[in-house]
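# Residue-level structure breakdown
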Amino acid sequence: MAASRSRGLPQTPRARATPGGLILTGDLGQLPPLDVYQAGARVWIPNSDTVWEGAELVEDYVGGNAIRVTTKNGKVVELEVKGGNVGLPPLRNPDILIGENDLTSLSYLHEPAVLYNLKVRFCNHNSIYTYCGIVLVAINPYEELPIYGNDIIWLYRGQAMGELDPHIFAVAEEAYTKLERESQNQSIIVSGESGAGKTVSAKYAMRYFATVGGSSTETQVEKKVLASSPIMEAIGNAKTTRNDNSSRFGKFVEIHFNDNHHITGASMRTYLLEKSRVVFQAAGERNYHIFYQLCAARELPLLQDLHLEVQDFFHYTNQGESPNIDGVDDLEAFSETRSALTLLGFSESDQMSMFRVLAAVLHLGNVNILEGGNPSDDKKDEGREGSHISRKDKHLKLFSHLMQIDQAEMGHWLCHRKIVSTREVFTKPMTAEQAQAARDALAKHVYACLFNWIVEVVNKALESSIKTHKFIGVLDIYGFETFEINSFEQFCINYANEKLQQQFNQHVFKLEQEEYVKEEIDWKFIDFCDNQPCIDLIESKLGILDLLDEECRMPKGTDQSWADKLFERCAKWKHFAKPRFSNSAFVIRHFADDVQYESGGFLEKNRDTVIEEQMEVLRTGQNKLLAKLFTEEAPEKKKLMVPGKKLISATPKVGTVTKQHKRTVGSQFRDSLQMLMSTLNATTPHYVRCIKPNDEKGSFEYNPVRAVQQLRACGVLETIRISAAGYPSRWTYLEFFQRYRVLCKSKDIKYNNMKGTCEVILHNFISEEDKFQFGKTKIFFRAGQVAYLEKLRADRLKECCVLIQKRVRGWICRKKYRTKQGATQTIQRYARGFIARRRVYHMRRLQAAITLQKHIRRWMCQVRYRRLQALALGLQCRARGLLARRKYLQMRRNAAAIVIQRHIRGWLARCWKARTLRKIVVVQCRVRCFLAKRRLRHLKKEARSVEHIKKLNKGLENKIISMQQRIGELTKEREALKNVHNELNDVRHQLELVKASEMEWKGKAGRLEILEAELEQLKQALTQERDEKMDILQEKDRLEMLNKEEKEEKDKFIEEIGKLKAELEQMDEKIEAEKISAEERLKKRLEEEAAFLNQEHDQDRNAYQKLLMEYHVLEQQRDSLERELVMKGGSNLAGEHHRSLSNASTTSVVSASSELPEDGDGSETSVALILKLQQKIKELEREKGSLERRLEEAERDFEDDDEDGRGSGGIDNGSERKAVSSPRRSNLAATRTRDNLRLQELEMENSKLREALNAIRKSVAEGEKGSEGASELMDQFVALQEELERRREECVQLRGVLANQTQGIKSVANASYGSDVDIINEDGELVMAFEAQKKINRQLEDELQIEKSRREILGEELRQEIDRLREDNDRQQRLLALNLGKGPHTQSEAILQHEIKRLTSENLDLQEKLDAMTEQARKYKKNLKVLAKKLRDTGGIDLLTIPEVTAPSAPKTTNGVVQPSATLGPSIPVVRKMEREYMGMFEYRQQDEAIIMRHLIIDLKPKLALTLLPGLPAYIIFMCIRHTDFINDDDKVCSLLTTMINSIKRVIKKRHDDFDTTVLWLTNTLRLLHNLKQYSGDKAFQAQNTPKQNEQCLRNFDLSEYRQVLSDIAVWIYQGVIKYVEERVQQMVVPAILEHDAILGLSGQKPVGMRGRAASVSREGSLVDSGGRTSVPGTPGAEPGDLAGGSQRSLNALLEELSQLHKMLRLHGVDPQLIGQLFRQVFYFICASALNNLMMRKDLCHWAKGMQIRYNLSHLEEWAREHHMQEAQVTEMLQPIIQAAHLLQARKTDDDVQSVCEMCDKLSSFQIVKILNVYTAADDFEEKVPLTFIRKIQQTLNSRPSQSQTLLMETKFSFPVRFPFNPSNIRLEDIEIPESLNLPMLKKV
C-alpha cells in the first residue's frame, strides 16, 4: 500500500521529523538566505521548560557546524548545526506581525512562531480565538467573558470570515452564509481533549444558529434545540480531573433549515458513551451530573418515594471523594433539567419513570453481596464456593420496588448464572467478585439503555413535519488521547481522530488548489504523507478490529491470545509495532504520536456482555419504561440510517438477541463512524480546534508544553505545514503598493498599472523568482519573504529618518548658537545700564540729604513759635467763652417764659369753646328726640295695618333673618379681616412714622447746622462789637487752630473710612465670589436634578414605546398569520368571521389607547358596550340639565306673570284687573299642565332607559367578571347613577317646596277672605309693599354679593400677603436657628445662600417673562413678514419662490390666504381668496367615508403630496371632525376616526419600504394630533391661538383618547422611519468611518494571511483587473491623489444619503425638533456600529487609523452644524467613537493613565481595555502598549461609579421620542381642496 499520495501544491521539500515531534525549521524547505543570519538576528532555540526560547546571534553565520547565540538572560550558547543549513535555528518574525489574528499571516511559519503568537494573543491581549488558515483555534480561558451576547451575534451577522476578530460566531456565520448562498449542507467539527471547551464551543455555535435562523412562527424550535443541551449535559457530562463539565460521549447534532433558512427541527447522534463511569470514578472525579442532581433534590415532594440520600451515601457517587463543583448548584441544575425535559415533550410520568430508574441504579450499587452460599439452602451447598445477598438487604428491596420486579428472583440471578450446554441447562453460583462485576455490568447496561432512550425522545421532540431543505451539523467529538495506560476507549477515540484528520487533510488540499487555480499561478504535484495506512491497519480485513471481533466469537478467547494474533498478522504494517518489554501491549503510530495500548480488557469491553437472566427479570417486570428499553428491536430498525434522513442515536439499543447475531461494540462504532464520515464528506466542513492551556484550570495561564502537545495532536501544525509548503502570504496589488511604496522611486510608479509597479519593486529586491508569483488579483509569497521585505522597508525608513534627523539637528544647532549670541549681547547691555543707574542713584542721595537738613531745621523753629502762640490764645479763649455762656443762659430763660404764657392762654380759650358746644348739642338732642317720638307713633299705626303681610311673609322674614345672620357672619369676618388689615396698616404706619421721624431727624440735623451757623455769626458780630481789632485777630488765629485740628481729625476719619471701604470692598468681592460659586452649585444641582428627572421620564417613555413597538410587531405577526390561514384554509375558513382593516370597529382604536393588544372580538364588544353606556349617561345628564333649565324658566315665568298681575292690579280698577288676569292664568294653567305631562313622559322614558342601562351593565359585568378595567368602569357608572338619582331627588324636593309655598299662600288667602281674595290688594298697597320689599332684598343681595366678592378678593390678597410674610418670617427664623451655633463665616454663607435662592427665583421669573416677550416678538416679526409679503403681493410683485418647504408653523400667506408650497403651480390652487365667510369645516355623508379615505390616504402619492400644503390631508380630516362636532354626531366622528386610523395603518403596512410614504403619514399624523390639541379647548394648548381659532374649538367631543391612539401610531411610524434609515446607512458606516483613508501616507496596512479581509478597496470603489491595473471610477487620468478617490466616495455617499434624508423630511414638513431627534438616533446607530466594528477589528486599531477616523467624523460633525442640529445634541452621540479615535492617538505611558481615563469618560472599562488589548503598532518605530499601562488603566477604571458591564454598544437601543406641540397659524376657513385630490363629495361650510 502506498505510503504517500500526490497532492496538487507547489513543490517544496518535506519537513523533518524528530523524536520530540514535528519541528518546522525555517520555512519548511524554503530556507532563508544566509545573509539574514547576521549579528543581532533574532532566532528561536529549543528549551526544556518552555519548548522554545528567544535568542539573538552573537556573530554573522558564514557556514560551519556551530552558531553562537545569546539568550534573554544574557547567557551565550553555542548550537550545533547539523545537516548543513537545514539545521539552522528558526528565525523570529518581526514585531509588527506578532499577535496577528491569523497564524498564516506570519512570515516565518514554524512551531515556535505559532506557540509565541498564541501566547501573546492569549496572555497579553486576552484573545481566546485565533485563525490558523481555515481552522479556528479556541483556547479555554477558564473564565466567563462578555463576548457571547446577542449584540455580538448580530455584529457578526453578515460579516465575512476575517472581517472581524476571530470568534466562534464567525465560523458559525460562515457556515450559515454558505448554506444561504450555495444551498449546500454544512458541518462544524469541534475537537479537542477533555477540558478544552468543546462542549461550550458547540453550544455557542448552536445558539448562533438558533438566533439568526429563528423561525418566523411561534413553534419554539430554537428553544427546543437549545434546551437539549442541559439534558445531554446532565446525563452525559461529568467532572474529571481535567474538566468540571467534561462530555463523556461524542455527539453530532444536525440543525435542519427550510427553504427560507429558518430552523425547522434538529436531530442528534451519539457515540461511545463512557459506561464505566457509572460504576467507577477515579479520585477527584464524579459520576454523571444527573445522579448528584437527584440527590440534591431528594427533599422535593416529587422524589420522596425514591428514598434518596446524600451523594456520599451511595457507592456509585462517593468513589471520587469530590461530590461538589465550585460555583454549581445541583438543585438549581436539576430544576433547569426538568424544565428542559418538559419543553422537549417528556411527560410527568416519563420523567418520574426516568428518575425511578436512575435512583434504582444508585440503590443497586449499594447492594451488599456476601461471600459463601445462601444459608437457607441445603447443607450440601455450604461448602461450595458462591455468594449470596441477605433477604433483609434494604437496597435490593428498594431496587426491586423502583424497577417493579420480583426481589427474590433478582437477588438469585445477581449471585448465579445459567450455563447452557448441548444437552442440559444448569445453574452455576458466582463468587462475590464475579457477582459484583455482574451487578456493575447490569448497572452500566441499564444506564446506557436509558441514555439511548432519552436521545431517541429528544430526537422525536426535535422532529418537524416541515420538509427539510438543508442542514448544518455540529460535531462535538473527543480529541486525540494518550495516557500512561491506554485501553479500548482510547483506541476507539484515536481511531475516530485518524478518520477526521484524513478528512481534514483532504479538505485543506482542496482549498489550496482552488485558490491557486483561481489566481492562475503555476503549481505542480507533490508527495504528501497520508494516514490512510494507519486507518487500514485498524479497519481493513484481518486488521485490528477484525481480529478483535474474531477473538470475541471464540469460546475461550482471551486478551493475550488476541495480542499474539496481532503480533503475528500485523507485524507487516509500518504503523504497528511491538513494545520491547511487554508481551500484552502493542504500539500504533498515529498521525499525532505513537500510542501504546494494553490489551487487557479489550475483549470484555468489546463484547459488552450482560447476564441474560437478569435482563429477563427486568423485561418481565411491571415497569413500562423498562419494557421499552429492553424490548427486542425489529431487524429493519437495526439497520444504520442513511445520512440526511431522520437520525437517531448512533449506538443502537441493546436487545435480547442471540450471541451469533449480537454485534460487538467495535463493529458498531466502526459502522457509525463510517456513516459520520459519509455525512461529513457530503457537507462543507468548518473546523474548531479547542486547546487546554493548563492542567490547573487557571484563568488565562498558558503552559507551552501542554499547548504544543495539543497543537501537534489536533492538526493545527499540519495546517501550518501545508500552508508553508505553498505561498502562505498573499497581498492585493494595491495593498502591497501602499505598504512598500517606500521601496520604489517616483519614476517607477504607474498608478494605472499597479501590477507593473509591484513587479518593478519585487524584481529590484528579490532575485529568485520562485519566491513569489503574480496572480490575477494578488501577489503570492513564499514563507519568509514578507519578513525580508519588512526588513528592507525598515532599513529604508531608517535611512530616511537619519537624513531627516541630520537636517533637523543642524537646524537646532544653528538656532542654539544664534540664541546664545543674542543672550550675551543682552547681558552686556543690561550690565552697563546697571552701573550707570547705580552712579546716578548715589548722586541723588547726596542732594536729597542736604535738602532734608534744611527743611528739618526750619521745621523745628516753627514748632517752637507755634507752641508759645497756642498757649496765649488758649487762655483768652477760655475767659471769653465763660462770659458768652452766661449771657446765652439768660436769653434762654426769657424765651421759655414767653412760650409758657402763650400755651396757657390758648388752653383757657379752648376750654370755654368746648363748654359752649356741649350745651348746644344737648339742646339739639332734646329737639330731635321729640320729633323722633312723634314719627315713631305714626309708624306704629302703619305697622298695625300690615300685620297680615307679616304672617304671609314669614318665610321671607326667615330668609331675611338668615341673610342678616349671614351678613353678621360676613361682618365679623370683615371685622377680623379689617383688624388684620388695620394691624398691617399699623405696621405700615409705624414704618412710615419711623421713616418720617428719620426724615425729621435729618431735617432737624440740618436745621441745627443752620442754627449753629447763625450762632457763630452772632458770636462773631458780638465779638466785633465788644472786642477790638486785636481781639478779632486773636479769634481768627484761634479758629485757624481749631480748623487745623478738625482737619487732622477729618484726615484721620477719611483714612479710617478708606480702610473700612477697602475692607468692605474685599468683603463685597468675597461675597460676590461666594455668591457666584453658590449660584454655580445651585445651578449644577438643579441641572443634575433636571437631568435625573428627564432620564426617568425618558426611561418611562422608552419603556412605553418599546411596549408599543412590540404590540405593533405582534399585530403584524397576527396579520401575517391571518393571511396565511386565509391562504391555507380555503373553504374551511369561509364561514368564519375575519376582522380586516376596513371593517374594524371603533373600539379597536379606543382599546389601543390603553396600551393593550387587541385580543379578539369579545373584548372589542365589551369595550363597545361600555363606551355606549358612557354616551348614554352623558345624554341623560344633558336631558337632566335641560329639564332643570326648563323648570327654572317655568318658575321664572310664573313669578313674572304673578308680578305682572299684581302690578296691573295696582294701577287698574278691580273689574278691569279680573278681566285681564283671568286669561293669563288660564294660559299659565294650560302651560303647567302640558309641562307636567311632558315631565311625566320624560320621567317614564328616563326610567325605561335606566332599566335598559342596568340590563346592559349586568350583561357587561357577567361577561367580564375577571376584567379589572370593566369593574372600574362599572364603579364609575354606579357613582354617576347615584349622582343622577341624588340630583333628581333635589329637583323633586325643590318642586315640592315651591308647590307647598304656593298652596300655603292660596290656603291662607282663601281662609281669610274666601272667594274675594282680590280685596287683599284692593288699594294696591300690598303689591307695592311686596315689590318694594323684593327690590330691597335684591338690592341687599346684590350689595351683599358685591361686598362678599370684594371682601373675598381683599381677603385673598391679604392672606397671600400674610402667607408670604409668614414664609419670609419662617425662613428668617430657620436661618437664625441654623446660624445660632455657627460661626460668622457659616452665617454669612447661609445668608448668601438665602439671598441666592431669592435672587434665583426672581431671575427665573424674569427669564420666563423674557422668554414670553421673546416669543411674542418672534410672532410679531413673523406677522410683520407676512404683512410685508401681503403688501408686495398687493402691489403686483411676483410670488417669491422657496427652495424648500419649511415647517408648518410658518406658512406663506397671500392676501390672507395660505400658499402651501413654492412648487405649487397656478393650475392647482390649494387655497384661494375667500369670497364669503366660512366656518372652517367640511360637510360629508357618512356613506362616503370609504371613498374619502381612499382618495385622501390610500391613493395619495408622495409626489402629489409635495405639491400641496404640508399636512393638507390632516387639515381636511380635522375639518371633517369639526363638522361632526358641529352637528354633535357621536357615531359619525367615531366612524370617521376609526376609518382614518385603519387606512393609515393599512398604507404604512403596505408601503413600509417606501420612505416618502412613511414620512408623509408621519407628518400628517402629527399634524392631526397637533390640531386636535390646538382646537381641544384645553387652555394649555390655546396660548398661541387667535380669537378666531379659539372660537373654532371643539364644543361637544372630548377626543383625548383618540389623541393617545394617534400618538401611538406616530410612535410606530417614527420607529419604522428609524429602522428604514438605519438599514440605509448600515452598509455605509464601516467604509465611510473606519475604512475611509482620506489622508494619504498614513496607511497602516499590514500583512494578511489566508483569512485576510476581502479587498476593502473593491468596496471603496477601486478595482483591480486581471492585468493588475488599478482603476478608480471617474478618473480618466490616474494621479497619486486618485488612490483615495474610491475611498472618498464612501464618505461622500454617507453624507449624501444623510442630506437626502434630511431634505425629504424637510420637504414633507416634519417638525425641526423631530428631525433633530431622528438624526440623534441615526448618529447613535452610526457611532455604535462603527465602535463595535472597531473593537472587533485588530487591523484598524493603530495610531494612523485613529487619525483617519477622527478626520472622517469631523465631516459628520460639520454636516450636523450645517443643518443646524446643535440643539438636538446630535454630535454628542458621536462622542464614544471620537474618544476611541483619541485613545488610538493618545500616548500610552504610565504617566498618562489618569488623562486617558478622563478623556474616555463615554467609553466603558471593557471597551477601553479591549481597544488597548487589540492596539497594534503600525511600524517597528512605534512602541507597543505596555501591559503595566493596561493594568493601571483597569485599576483606575474600577473606581468608576455605575460603569457599564457590556463590551459592545447596543445598536438596537432607541431613545424615547417626544412630539413637541406645534400649533398651526393657518386659518381653517382659508383652506380649499385641490381638484387633484378628487374629493367632490366634501362641501365647505
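This one's a predicted model, so the numbers in the text were calculated from it and none came from an experiment.

### Describing the overall build of the protein
The helix and strand tally for the protein stands at 48 helices and 33 strands. Buried residues in the protein amount to 43% of all 1885 residues. If you take every contact in the protein between residues at least 6 apart in sequence, the share linking residues at least 24 apart comes to 73%. As presented, the protein carries roughly 103000 Å² of accessible surface, and 53% of it is formed by carbon and sulfur atoms.

### Quick look at the packing of helix α11 (residues 432-462) against helix α17 (residues 612-619)
Two elements in contact, α11 and α17, have axes separated by 11 Å at closest approach and are oriented at 50°. Put simply, α11 runs oblique to α17. As α11 runs across α17, the sense of the crossing is right-handed. In this structure, α11 uses A438, L442, H445 and V446 to contact α17, whose residues at the interface are Q614, M615 and L618.

### Some remarks on the sheet that holds strand β22 (residues 585-589)
Pairing within the open sheet is antiparallel, and its three strands lie in the order β21-β22-β23. Whereas interior strands pair on both sides, the edge strands pair on one side only; in this sheet they are β21 (576-577) and β23 (594-598). As defined by bridge partners, β21 adjoins β22 across two bridges and the pair is classed as antiparallel. From the neighbouring strand, F576 faces β22, where its bridge partner is I588. Sheet strands in contact with helix α15 (residues 559-569) are β21 and β22, and its direction is about 45° off that of β22.

### Comments concerning the pairing of strand β27 (residues 778-781)
As paired strands, strand β25 (residues 729-732) and β27 are joined by four bridges and run antiparallel to one another. Residue pairing in the sheet places T732 in a bridge with K778 of β27. Two strands pair when backbone bridges link them, and strand β26 (residues 772-774) and β27 are joined in this way by three bridges, in the antiparallel orientation. Across the sheet, the residue bridging to F772 is F781, located in β27. Hairpin remark: β26 followed by β27, antiparallel, with three residues in the connecting loop.

### Examining the packing of helix α47 (residues 1805-1814) against helix α48 (residues 1827-1837)
To characterise two packed helices, one gives the angle between the axes of the helices and the distance between these axes. The contact between α47 and α48 brings their axes to 10 Å, and the two run at 175°. By the criterion of interaxial angle, the relationship of α47 to α48 is roughly antiparallel. In contact with S1805, I1808, V1809, L1812 and N1813 of α47, α48 contributes F1829, I1830, I1833, Q1834 and L1837. Split by residue class, the contact of α47 with α48 holds seven nonpolar, three polar and no charged.

### Some details on the pattern of salt bridges
Tallied over the entire structure, the rule returns 35 salt bridges. With a closest N to O distance of 3.8 Å, E456 and K460 form a salt bridge. With E456 and K460 both in helix α11 and four residues apart, the pair spans about one turn of that helix. For the salt bridge of K1884 with E1872, the shortest nitrogen-to-oxygen distance reads 3.0 Å. Of this pair, K1884 sits in strand β33 (residues 1883-1884) while E1872 sits in the loop between α48 and β33, and the two are twelve residues apart along the sequence. Given the relative accessible area of 11%, K1884 is considered buried. When its relative accessible area of 10% is taken as the criterion, E1872 is described as buried. A single salt-bridge network, built from bridges that share partners, covers E193, K692, D695 and R706.

### A closer look at the side chain of E193
Tracing the sequence through the fold places E193 in the loop between β10 (186-191) and α4 (198-212). The buried category is assigned to E193, whose relative accessible area is 10%. In contact with E193, not counting residues within four places along its chain, are K198, R242, G479, C690, K692, R706 and Q710.

### Overview of the sheet that holds strand β4 (residues 42-47)
What links the strands of a sheet is backbone hydrogen bonding, and the strands pair in either a parallel or an antiparallel sense. If you trace the four strands from one edge of the open sheet to the other, you get β4-β5-β6-β7, paired in antiparallel fashion. If you trace the sheet from one side to the other, it starts and ends with β4 and β7 (76-80), each paired once. On average, each strand axis in the sheet is tilted by 50° relative to the strand beside it, whichever way the strands run. Bridge count for strand β5 (residues 51-57) against strand β6 (residues 66-71) is three bridges, and the pairing is antiparallel. Residue E56 lies in a different strand from β6, and its bridge partner there is T70. Strands in contact with helix α1 (residues 111-124) are β4 and β5; relative to β5, the strand with the most contacts, it is inclined by about 105°.

### Side note on the environment of T177
Relative to the helices and strands, T177 resides in helix α3 (residues 168-182). Overall, T177 belongs to the buried group, its relative accessible area being 12%. As a C-alpha pair, T177 and A160 span 17 residues in sequence and 8.6 Å in three-dimensional space.

### Side note on a positive patch on the surface
Among the surface-exposed residues, R926, K933, R934, R937 and K941 lie close enough to one another that they form a single positively charged patch. With respect to the helices and strands, K941 occurs in helix α24 (residues 785-945).

### Some remarks on the nonpolar core
By size, the foremost hydrophobic cluster in this structure holds 327 residues, and its most contacted members are F209 and F1719. The residues touching F209, leaving out its near neighbours within four places in the chain, are A172, A175, Y176, I188, G214, I255, F257, I263, I472 and V474.

### Comments concerning a nonpolar patch on the surface
A contiguous nonpolar surface patch, about 370 Å² in accessible area, is contributed by I804, V808, W811 and I812. Inspection of the secondary structure puts I804 in helix α24. With relative accessibility at 52%, the residue I804 sits in the exposed group.

### Points about the packing of aromatic side chains
With the rule as written, the count across this model stands at 39 aromatic pairs. Seen from their ring centres, F488 and F602 are 5.6 Å apart, and the 90° between their planes marks the pair as edge-to-face. Here F488, found in helix α12 (residues 488-519), pairs with F602, found in helix α16 (residues 602-607); they are 114 residues apart in sequence, far enough to count as distant. Judged by relative accessible area, which is 3%, F488 ranks as buried.

### With respect to the confidence of the model for the protein
Put simply, the protein has an average pLDDT of 76, and 74% of its residues get 70 or more. By mean pLDDT, strand β3 (residues 21-22) is the weakest element of the protein at 32, and helix α6 (residues 289-296) is the strongest at 92. Below a pLDDT of 50 lies the segment residues 1201-1226, which in the model reaches 17 contacts outside its immediate sequence neighbourhood of four places, other chains included.

### Quick notes on unusual backbone geometry
The backbone of Q404 shows a phi angle near 60°, a positive value even though the residue is not glycine. By secondary structure assignment, the location of Q404 is in the loop between α9 (394-403) and α10 (407-415). Positioned with a positive phi, L542 is a non-glycine residue whose angle comes to about 60°. Relative to the helices and strands, L542 resides in the loop between α13 (532-539) and α14 (544-553). With relative accessibility at 41%, the residue L542 sits in the partly exposed group.

### Some remarks on the side chain of E254
Positionally, E254 belongs in strand β13 (residues 250-257). Only 3.5 Å separates the side chain of E254 from the side chain of H256, close enough to count as a polar contact.

### A word on α15
By the burial criterion, the buried members of α15 are D559, W562, A563, K565, L566 and F567. Residues of α15 that are buried in the fold lie against α14, β21, β22 and α16.

### Some thoughts on α11
Here α11 is 31 residues long and its end C-alpha atoms lie 45 Å apart, about the 45 Å a rise of 1.5 Å per residue gives. With 24 of its 31 residues buried, α11 lies for the most part within the structure.

Conventions used here
- Residues numbered from 1 in each chain as written.
- Predicted model: local features only at pLDDT ≥ 70, side-chain atom pairs only at ≥ 80, totals over all residues.
- Heavy atoms only, no water.
- Helix = DSSP H or I, 4+ residues; strand = E, 2+ residues; numbered from the N terminus.
- Buried < 20%, exposed > 50% of the residue type's maximum accessible area, 1.4 Å probe, protein only.
- Contact = heavy atoms within 4.5 Å.
- Areas by Shrake-Rupley, 256 points an atom, 1.4 Å probe, with all protein chains shown as cover.
- Axes fitted to C-alpha atoms, helices over the stretch in contact; angles between N-to-C directions.
- Parallel < 35°, antiparallel > 145°, perpendicular 65-115°, else oblique.
- Left-handed = near helix turned anticlockwise from the far one by under 90°.
- Pairing = 2+ DSSP bridges.
- Nonpolar A, V, L, I, M, F, W, Y, C, P; charged D, E, K, R; others polar.
- Salt bridge = Lys/Arg side-chain N within 4 Å of Asp/Glu carboxyl O.
- Patch = residues over 30% accessible without salt bridge, like charges linked within 9 Å, V, L, I, M, F, W, Y side chains within 5 Å.
- Lys, Arg positive; Asp, Glu negative; His and termini not counted.
- Charge placed at Lys NZ, Arg CZ, Asp CG, Glu CD.
- Core = buried A, V, L, I, M, F, W, Y, C linked by side-chain atoms within 4.5 Å.
- Phe/Tyr/Trp six-rings, centres within 6.5 Å; stacked < 30°, edge-to-face > 60°.
- pLDDT = per-residue confidence, 0-100.
- Polar contact = N/O pair within 3.5 Å; in protein donor to acceptor, adjacent residues only side chain to side chain.
- Expected span 1.5 Å × (residues − 1).

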